[in-house]
Amino acid sequence: MGKLRLTFVKEGRAVYLSHLDLLRTFQRVFLRQGLVLRHSQGYHPHPIISFALPLPVGQASDCEVLDFEVTEDLTGAGLAEDLNRFMPDGIRALDCRPPVHPVRDLAELRCRVELLYDGGVPAGAAEAVNALLTGESLVIQKRTKRKALADVDIRPMLHSLEMEEAPEALVLTATVAAQDPGLNPALLARAVETYLPGLAPDFVRVRRLAFLDRDGKNFR
């Protein structure tokens, strides 16, 4: 039996697929490719397949990670290209190989958050947003694992921040904590809406760029 790790892109219309829909999509793609997934034991066996860090609906990604187990020994060579024949629009496999690190070693997420303004970026917005996000603390309401809302200081979860001003957008490139606890990059936009309502963007786009391990290298 073989354990494999697939990295893939999720973008375009596919960003609106829910976690469960995406899981079903891959199960169908694997079936069409002829892969036989290993199943769990017990009364209700299910395919052994999991996402390293489920992507919130509406966000795009260049670096999604899917772990799965097959009933035969495979290296994954050439499998990404083969799977792409059956992928829906907006999902594209990049690479497939045996995992190097366990998911618990996924430490950071590199991401881009675009704050879009229909009438152009307001004067002084870049300086105000940068001061807000890089201050000593940044308390925002965040859902806990029990689905309750709680006030959480997300500033320690924001490890680095770069900002670029475009004609109609502030583009934030950030490195955030991935888990235990992790920071949803969309909360950076929510912080702006909460503390700087006059600078609230008309639309927000979020894209994951890379997963990083504990050494700051690409997670494999």
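Residues numbered from 1 in each chain as written. Predicted model: local features only at pLDDT ≥ 70, side-chain atom pairs only at ≥ 80, totals over all residues. Heavy atoms only, no water.

Let's talk about the environment of Ala 169
Cut-off, in case you're wondering: A helix here means a DSSP run of H or I that spans at least four residues, while a strand means a run of E at least two residues long, and both kinds are numbered starting from the N terminus. Any pair of residues with heavy atoms lying within 4.5 Å of one another is described as a contacting pair.
Within the secondary structure layout, Ala 169 lies in strand β9 (residues 169-177). Linking Ala 169 and Asp 21, residues 148 residues apart in sequence, is a C-alpha distance of 31 Å. Those residues in contact with Ala 169, other than ones at most four positions away along the chain, are Leu 115, Leu 116, Val 121 and Glu 164.

Here we look at the packing of aromatic side chains
Think of a pair of aromatic rings as described by two things: how far the centres are apart, and how the planes are tilted against each other in angle. Stated precisely, the cut-off is as follows: Centre distance within 6.5 Å is the pairing criterion for rings of Phe, Tyr and Trp, where only the six-membered ring of Trp is used; planes under 30 degrees apart are then read as stacked, over 60 as edge-to-face, and the remainder as tilted. Exposure categories follow from relative accessible area, calculated using a 1.4 Å probe and restricted to protein chains: below 20% of the type maximum is buried, above 50% is exposed, and the middle band is partly exposed.
This structure, assessed with the given rule, holds five aromatic pairs. Note on Phe 26 and Phe 30: the rings are 6.0 Å apart at their centroids and 45 degrees apart in plane angle, and the pair reads as tilted. With Phe 26 and Phe 30 both in helix α1 (residues 19-33) and four residues apart, this pair spans about one turn of that helix. Each of the two residues, Phe 26 as well as Phe 30, counts as buried. Judged by centre distance (6.2 Å) and plane angle (65 degrees), the rings of Phe 26 and Phe 51 are edge-to-face. Here Phe 26 is found in helix α1, whereas its partner Phe 51 is found in strand β2 (residues 49-51), with 25 residues between them in sequence. Residue classification places Phe 26 among the buried residues on the basis of a relative accessible area of 0%. Grouped by ring-pair contacts, the aromatic residues Phe 8, Phe 26, Phe 30, Phe 51 and Phe 68 constitute a single cluster.

Examining unusual backbone geometry
Excluding glycine, most residues fall at negative phi; most peptide bonds, likewise, are trans. With an omega dihedral of -10 degrees, the bond running from Asp 180 to Pro 181 counts as a cis peptide bond. In this fold, Pro 181 is placed in the loop between β9 and α4 (186-195). Relative to the assigned elements, Asp 180 resides in the loop between β9 and α4. According to the relative accessible area criterion, Asp 180 is exposed, its value standing at 65%.

As for the nonpolar core
The criterion, for reference: We define a nonpolar core as any set of buried Ala, Val, Leu, Ile, Met, Phe, Trp, Tyr and Cys residues linked to one another through side-chain atoms lying within 4.5 Å.
Membership of the largest hydrophobic core comes to 38 residues, with the highest contact counts inside it found for Leu 115, Leu 133, Leu 170, Leu 188 and Phe 211. Among the elements of the structure, β3 (60-70), β5 (108-116), α3 (125-133), β8 (158-166), β9, α4 and β10 (203-212) are those that each provide at least two residues to this core. Apart from residues lying up to four places away in sequence, Leu 133 is in contact with Leu 138, Arg 155, Leu 158, Leu 161, Leu 172, Leu 188 and Ala 191. Ranked by size, the runner-up nonpolar core spans 23 residues in total, among them Leu 23, Val 29, Leu 37 and Leu 83.

Concerning empty space enclosed by the protein
Let me state the cut-off plainly: Here the term cavity refers to a set of points on a 1 Å grid, laid over the protein atoms alone, in which a 1.4 Å probe fits but cannot get out; the term pocket refers to an open set having protein on both sides within 12 Å along at least five of seven lines, with lining residues being those that place an atom within 4 Å of a point. Grid points are joined across faces, edges and corners, and a volume is the space filled by probe spheres set on the points.
In this structure the tally under the stated criterion is two cavities of 30 Å³ or more. Approximately 60 Å³ is the volume found for the largest cavity. If you go around the largest cavity, the residues you meet are Arg 5, Thr 7, Asp 95, Arg 97, Pro 98, Phe 219 and Arg 220. Counting residues per element, the ones that place at least two in the lining of the largest cavity are β1 (2-10) and β4 (91-97).

Things to note about the pattern of salt bridges
To be explicit about the condition: Within this document, salt bridges are pairs made up of a side-chain nitrogen of Lys or Arg and a carboxyl oxygen of Asp or Glu, the two lying within 4 Å of each other.
On inspection of all chains with the given rule, the structure shows 12 salt bridges. A salt bridge links Arg 207 to Asp 62, with the shortest nitrogen-to-oxygen separation between them at 2.7 Å. Here Arg 207, found in strand β10, pairs with Asp 62, found in strand β3; they are 145 residues apart in sequence, far enough to count as distant. Within this structure, Glu 11, Asp 62 and Arg 207 form a network of salt bridges that share partners.

Quick notes on the state of the cysteines
Selection rule: Cysteine sulfurs are considered disulfide-paired once they come within 2.5 Å of each other.
By the definition in use, this model includes zero disulfides. Summary of cysteine pairing: Cys 96 is not part of a disulfide, and the nearest cysteine sulfur, belonging to Cys 63, is at 16 Å. Cys 111 forms no disulfide, and the closest cysteine sulfur to it belongs to Cys 63, at a distance of 9.4 Å. For Cys 111, a relative accessible area of 0% translates into the label buried.

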